[in-house]
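# Secondary and tertiary structure notes
Here is how the chains run, residue by residue.
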Amino acid sequence: HKLNLCLRQCRRRLPPPPAATGRVLALTLAILAGPVLAFGHEVAHTGRPPFSGALLSHIRGSGTGAFPVVLGPLPTSYQLSGYADAYVVAVPKPRMLAEPKIMPALRRAAVRDFYRPGATSAERRRIARAYDVDYVLVDATALREVRALSHTAWLHRVFTDPAGSPAARRFVLFRTDTNR
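So, here's what we can say about the structure. (Residues numbered from 1 in each chain as written. Predicted model: local features only at pLDDT ≥ 70, side-chain atom pairs only at ≥ 80, totals over all residues. Heavy atoms only, no water.)

This paragraph deals with the overall build of the protein chain. Per the secondary structure count, the protein chain includes eight helices and five strands. Secondary structure of the protein chain in N-to-C order comes out as α-α-α-α-β-α-β-α-α-β-α-β-β. Looking at the protein chain as a whole, 33% of its 180 residues qualify as buried. For the protein chain, restricting intrachain contacts to residue pairs at least 6 apart in sequence, the fraction spanning at least 24 positions comes to 59%. By element, 61% of the accessible surface of the protein chain is carried by carbon and sulfur atoms, the whole surface being about 11400 Å². (Helix = DSSP H or I, 4+ residues; strand = E, 2+ residues; numbered from the N terminus. Buried < 20%, exposed > 50% of the residue type's maximum accessible area, 1.4 Å probe, protein only. Contact = heavy atoms within 4.5 Å. Areas by Shrake-Rupley, 256 points an atom, 1.4 Å probe, with all protein chains shown as cover.)

This is the structure:
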């Protein structure tokens, strides 16, 4: 009985929460939910791995002893860096804010230019050389890109995910000329 009396008196002595509590709570939720809402496509879980084991083995087995450099579309390259022992040319903006010395905006622009429809072979080769690219990764459903890169003399298709791949998406992997 004394405990109940004490709790009632303590409750009476506590001041009501300030009006700003709601604003603080809303701001906290926005900070936590913002990245998920803005970049949810990157964190969506399909229940299947984003890359096939065969693709990852091919990238890992480059034979040079060093991590290969892979040029891939931005969200894809960020995911790839978590699955394969490889360097990627660029990752999406929120993933590379702490490294201004490596010029992340310039790297993202180079990746966009590489995959831009109508980019010439010379433009693409200049980008690949600038970042010492070993492999170029393309979504297998991007038929126009796959076709264009297949007809590029300094790129060689070395791997294609089969139609029955257990991965969430299928990819085509091109190796750049070693005689760059």
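You will see that Asp 132, though not glycine, has its phi angle at about 55 degrees, which is positive. The residue Asp 132 is located in the loop between helix 7 (121-130) and strand 3 (135-139) in this model. Of the residues examined, Asp 132 reaches a relative accessible area of 48% and is grouped as partly exposed.

In this fold, Thr 152 is placed in the loop between helix 8 (143-150) and strand 4 (155-160). Accessibility expressed as a relative area gives 9% for Thr 152, which makes it buried. Along the primary structure Thr 152 and Thr 176 are separated by 24 residues, whereas in three dimensions their C-alpha atoms are 9.9 Å apart. Within polar-contact distance, the side chain of Thr 152 engages the backbone oxygen of Ala 148 at 3.0 Å. (Polar contact = N/O pair within 3.5 Å; in protein donor to acceptor, adjacent residues only side chain to side chain.)

Overall, mixed pairing links the five strands, which are arranged 2-1-3-5-4 in an open sheet. Of all strands in the sheet, those bounded by a partner on one side alone are strand 2 (87-88) and strand 4. Sheet topology note: the strand 1 (residues 69-71)/strand 3 ladder contains two bridges and is parallel. If you follow Val 70 over to strand 3, its bridge partner there is Tyr 135. (Pairing = 2+ DSSP bridges.)

All right, on to the nonpolar core then. Counting residues in hydrophobic clusters, the biggest one holds 22 residues, and the most contacted among them are Leu 71, Val 89, Phe 114, Val 133 and Val 136. Of all the secondary-structure elements, those providing two or more residues to this core are strand 1, helix 6 (104-115), helix 7, strand 3, helix 8 and strand 5 (171-176). Apart from the residues lying within four places of it in its own chain, the contact partners of Val 136 are Leu 71, Phe 114, Tyr 115, Leu 149, Leu 155, Val 172, Leu 173, Phe 174 and Thr 176. (Core = buried A, V, L, I, M, F, W, Y, C linked by side-chain atoms within 4.5 Å.)

This paragraph deals with the pattern of salt bridges. Scanning the model with the defined rule gives three salt bridges in all. Taking the shortest distance from any N to any O, the salt bridge between Arg 116 and Glu 123 comes out at 3.1 Å. Glu 123 sits in the partly exposed class, given a relative accessible area of 30%. One salt bridge connects Asp 134 with Arg 175, and the closest N-O pair in it is separated by 3.7 Å. With Asp 134 in the loop between helix 7 and strand 3 and Arg 175 in strand 5, this pair connects stretches of sequence that are 41 residues apart. (Salt bridge = Lys/Arg side-chain N within 4 Å of Asp/Glu carboxyl O.)

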